[in-house]
Every structure is written in C-alpha cells, then in structure tokens.
Amino acid sequence: PNGGFEGGFGPDGLAEQWADNSSWADLDVTYSRGTVNSHSGQSCQEITCDRLESGAVQMIAVKGIPLRKGKIYRVRAWLRGDSVPVAVQLRLTPAPYTVYIERHLTPTPKWQKLEYFWTSNVNNPESRLMFRFAETGAIWVDDVSVAEVAVEDALATVAPPVAGNLLHN
C-alpha cells in the first residue's frame, strides 16, 4: 500500500503505510514528502540521515507481505540520491530478523530502477519490505511494489544467451 507515496504523510514526514525502524540505532534521520522531481505522481519519500554513529536507517512497509514457498516475487523500486548504498530487503520482522533476500543499489541524482526476482524458500504471511542504508546522506524512494509473478513473466525478463564462443582464445 502507498508504494507511489501519493497518500497522506504523517507529522513525522513518513508516508502513510510506512514506518521508521531505526530507533535502535545511534543516528539522526528525517523523513519528508518529496515534491520536487518525483519519479511519477506528485510526491515521493525523502529520507535524510545527518548523523550516523552506529546502526542503519531502516524504513519499513507497515503491512506484511505474504510469501509462499516456491512462488516467484518481483521487487521493484525507483531510487535517487547522494550515492548512499541502499539495500532493498524482504525479511522476517520479529527476531531473529532473517533477511530472505536483498539487493543493493547506489543511487545517483537521476532516478534508477532497482528490480529483482526471487523464488521464495519460506512461507511467511507477514514478511516485510525494508529500505536500509548505513551512511549519512539523502535518498528519495518512489513507485515501490512487490508482486507475485508467473514463471513466464519472470523468464521474459532474462536476456537471451550470448551467441558464439564465450571463451577467449
């Protein structure tokens, strides 16, 4: 819900259906509604970390994502930012906070799409999507989605094999 960040924003600057999960860390983070240069629509989520002594900034989707073992999921997000490496994770929320899958992107000032497919090896009705980074700087997030996809749809995104001799003579 609210992966496009077009819904309301709370007094803490977080979009509805999103929460900060960084209270355990020693850092200063601010969230705000980004209204300049959103990827699509009128707004996006801006996250700024001004001080980081330990831990990481973690923005998490409030609503759990049901994962079914053997099913394929597509995770997609658009990011831009200050060259702060960002991990986009699907994970177990309560301890032991198992990360099922994550992919990293170091955003640039221009919007970049992070997209990956994953075949679930767990049954979990309440997994969480998390954006995590452990450096000072700012990132903007927009157009986030997690969807179960058919095998044919996942295979359609795979590049065709390279023809010819793949070994250098």
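Since we're looking at a predicted model, the values are computed, not measured. Within any chain, residue numbers begin from 1 and follow the written order of that chain's sequence. Under the rules for a predicted model, residues below a pLDDT of 70 receive no local features and side-chain atom pairs below 80 are neither given nor counted, while totals for whole chains, interfaces and linings still include all residues. The side-chain numbers reported here are obtained from all heavy atoms of the structure, hydrogens and water having been left aside.

(A) Quick look at the state of the cysteines. Any two cysteine sulfur atoms lying within 2.5 Å of each other are counted as a disulfide. Per the stated rule, a full pass over the model turns up zero disulfides. Unpaired in terms of disulfides, cysteine 44 finds its nearest cysteine sulfur in cysteine 49, a separation of 18 Å.

(B) Summary view of the pattern of salt bridges. Salt bridge, as used here: a side-chain nitrogen of Lys or Arg that lies within 4 Å of a carboxyl oxygen of Asp or Glu. Summed over the entire model, instances satisfying the criterion amount to seven salt bridges. Two residues, glutamate 148 and arginine 68, come together in a salt bridge whose shortest N-O distance is 2.8 Å. Pair noted here: glutamate 148 is in strand 11 (residues 137–149) and arginine 68 is in the loop between strand 5 (65–67) and strand 6 (72–81), with a separation of 80 residues, a long-range link. The exposure class assigned to glutamate 148 is partly exposed, which follows from its relative accessible area of 41%. Counting from the N terminus, the helices are the DSSP runs of H or I reaching at least four residues and the strands are the DSSP runs of E reaching at least two. Burial here depends on accessible area, computed with a 1.4 Å probe over protein chains only, as a share of the maximum for the residue type. Under 20% is buried, over 50% is exposed, and the range in between is partly exposed.

(C) Here's a closer look at the nonpolar core. In terms of nonpolar packing, the biggest core is built from 36 residues, with Trp18, Leu79, Leu129 and Phe131 touching the most fellow members. Looking at this core element by element, the count peaks at four residues for strand 6. Any two residues whose heavy atoms approach within 4.5 Å at even a single point are treated as in contact. Residues contacting leucine 129, with those up to four places away along its chain left out, are Trp18, Met59, Ile60, Ala61, Ile65, Val75, Val88, Gln89, Leu90, Val144 and Val146. Here, nonpolar core refers to any group of buried Ala, Val, Leu, Ile, Met, Phe, Trp, Tyr and Cys residues whose side-chain atoms link them within 4.5 Å.

(D) Quick peek at the packing of aromatic side chains. A pair of Phe, Tyr and Trp rings is counted when the ring centres sit within 6.5 Å of each other, with Trp represented by its six-membered ring. The angle between the planes then sorts it: under 30 degrees is stacked, over 60 is edge-to-face, the rest tilted. If you walk through the whole model with that rule in mind, you get three aromatic pairs. Ring centres 6.1 Å apart and planes at 55° place the aromatic pair tryptophan 18 and phenylalanine 131 in the tilted group. On the criterion of sequence distance, the pair formed by tryptophan 18 in strand 1 (residues 18–20) and phenylalanine 131 in strand 10 (residues 124–133) is long-range, its members being 113 residues apart. Both residues of the pair, tryptophan 18 and phenylalanine 131, belong to the buried class. Considering the side-chain rings of tyrosine 100 and tryptophan 118, the 6.1 Å spacing of their centres and the 10° angle between planes classify their relative orientation as stacked. Of the two residues, tyrosine 100 sits in strand 8 (residues 99–105) while tryptophan 118 sits in strand 9 (residues 112–119), which places them 18 residues apart along the sequence. As far as burial versus exposure is concerned, tyrosine 100 and tryptophan 118 are alike and both buried. Sitting over a ring, as applied to charges here, requires NZ of Lys or CZ of Arg to be within 6 Å of the ring centre and within 35 degrees of the ring normal. If you follow arginine 103 out to its NZ or CZ, it ends over the ring of tyrosine 116, 5.5 Å from the centre.

(E) Broad picture of the sheet that holds strand 11. Strand pairing is assigned whenever DSSP detects at least two bridges linking the two strands. Spatial strand order, 2-3-11-6-9: five strands in an open sheet with antiparallel pairing. Both edges of this open sheet fall to strand 2 (26–34) and strand 9, since each of them pairs with a single strand only. Pairs of neighbouring strands in the sheet enclose a mean axial angle of 25°, with direction left out of account. All axes are obtained by fitting lines to C-alpha atoms, using only the stretch in contact for helices, and the reported angles, taken between N-to-C directions, cover 0 to 180 degrees.

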